[in-house]
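In case you want the letters, here they are:
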Amino acid sequence: MKNIAVLTSGGDAPGMNAAIRAVVRTGIAKGWDVYGVQHGYAGLMSGDMRQLGQRDVGGIIQQGGTILGSARAPEFKTEEGRRKALRQLQSRGIDGLVVIGGNGSQTGSNALSQMGFPVVGIASTIDNDLYGSEMTIGVDTALNIALEAIDRLKITASSHQRAFLLEVMGRDCGYIALMSGIAGGAEFMVIPEVEVKPETIANEIREAYRRGKKHAIIVVAEGAKYNAEALIQYFKQHSEVVGFELRATILGHIQRGGMPGAFDRILATRLGAAATAALARGEHGVLVGLNKGQITTTPLSEVVKHKKQIDLSLVELARELDR
Ligand code: ADP
């Protein structure tokens, strides 16, 4: 192996830059040329890439987002799109690719790998919904941003005896909602994995006030059946029965932009180094991830087959603690 390329794809996540830096520097240390592809698979298909040196990735470890840019590229889902990408790689003599991204991106990297090209994926998404890594790059930072929002809302909620609803990201996965809710001591978490009716939430909040609680924070995952919009509507329609006011905050993209924390920087650095190490030993068609504290590889064909499950015992724990 002589030349490799690295790209970031799908939703950006804090820590992606630290991963790019590690791929570039450990790749160069192996004597390779490393190319950075702009705008994910879109740039791979159009050949938008340039060689990166050690200095090109200086001063980025603390930056959120991705210096390479990311994009959604539907054309890559077609075989013709992927053939275009392969032609670009071959014309530059690139013989290995590192894909930093989440579920969709790794489905793409698996498809490319199935066509015979050596690809290694790096688990990176703030949603933490990727099979093959207990924690993905960006989750911890996003979680801390959600947590700060909860802490702040709690202060104002206590002052005004109001219930606050905070909608957080996570697509179909309730990880950020559940974990930020546990860490923030929220009264109720609404996640896609556990269906709950709005009247149950209203009852629990009323009960919490009766027990003398001064605040009520409901954390809702964007992918839950009753998301912020649905719950606000319900609480408006039933305001007399519910008996308290509900204010909603949708955190949205604020969750993505943060400077990566220490955990994400270290995870990204380890995974970046693990990706080039895997390519160097001829192991590809795999995702590098973190499992039980160790850096592991999981075949991409397995990654795309499985849906990562949330630990439901944590839902029980959250219920026990809301007293
Ligand atoms: P994420 O990686 O954050 O889950 P997306 O789901 O938006 O992000 O996927 C990012 C990109 O990965 C898509 O724009 C597309 O180029 C590629 N991709 C997604 N699904 C597939 C697929 N089934 N086959 C090939 N490429 C895919």
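It should be emphasised that the depicted structure is a prediction, and the values quoted were computed from it without experimental measurement.

So, how was this worked out
Residues numbered from 1 in each chain as written. Predicted model: local features only at pLDDT ≥ 70, side-chain atom pairs only at ≥ 80, totals over all residues. Heavy atoms only, no water. Near = heavy atom within 4 Å. Polar contact = N/O pair within 3.5 Å; in protein donor to acceptor, adjacent residues only side chain to side chain. Helix = DSSP H or I, 4+ residues; strand = E, 2+ residues; numbered from the N terminus. Nonpolar A, V, L, I, M, F, W, Y, C, P; charged D, E, K, R; others polar. Domains from an automatic or database assignment. Salt bridge = Lys/Arg side-chain N within 4 Å of Asp/Glu carboxyl O.

Asks: Any chance you could break down the site of the ligand for me, citing the residues and the numbers?
Replies: Taken together, 15 residues form the shell around the ligand, and within it Gly 11, Arg 72, Ala 73, Gly 104 and Ser 105 come nearest. One nitrogen or oxygen atom from the main chain of Ala 73 is found 2.6 Å from an oxygen atom belonging to the ligand. Arg 171 is positioned with one of its side-chain polar atoms (N or O) 3.3 Å from an oxygen atom of the ligand. If one sorts the elements of the shell around the ligand by residue count, helix 4 (residues 103-114) sits on top with five residues. Looking at the shell around the ligand residue by residue, the class counts come to three nonpolar, nine polar and three charged.

Asks: So what's going on with the domain arrangement of the chain? Residues and values would help.
Replies: Domain assignment breaks the chain into domain 1 (3-138 + 260-303) and domain 2 (141-256). With centres defined by C-alpha atoms, the gap from domain 1 to domain 2 works out at 35 Å. Between domain 1 and domain 2 we count one salt bridge in total. A salt bridge links Arg 171 to Asp 127; its shortest N-O distance comes to 3.6 Å. Between domain 1 and domain 2 we count six residue pairs in polar contact (both at pLDDT 80 or more) in total.

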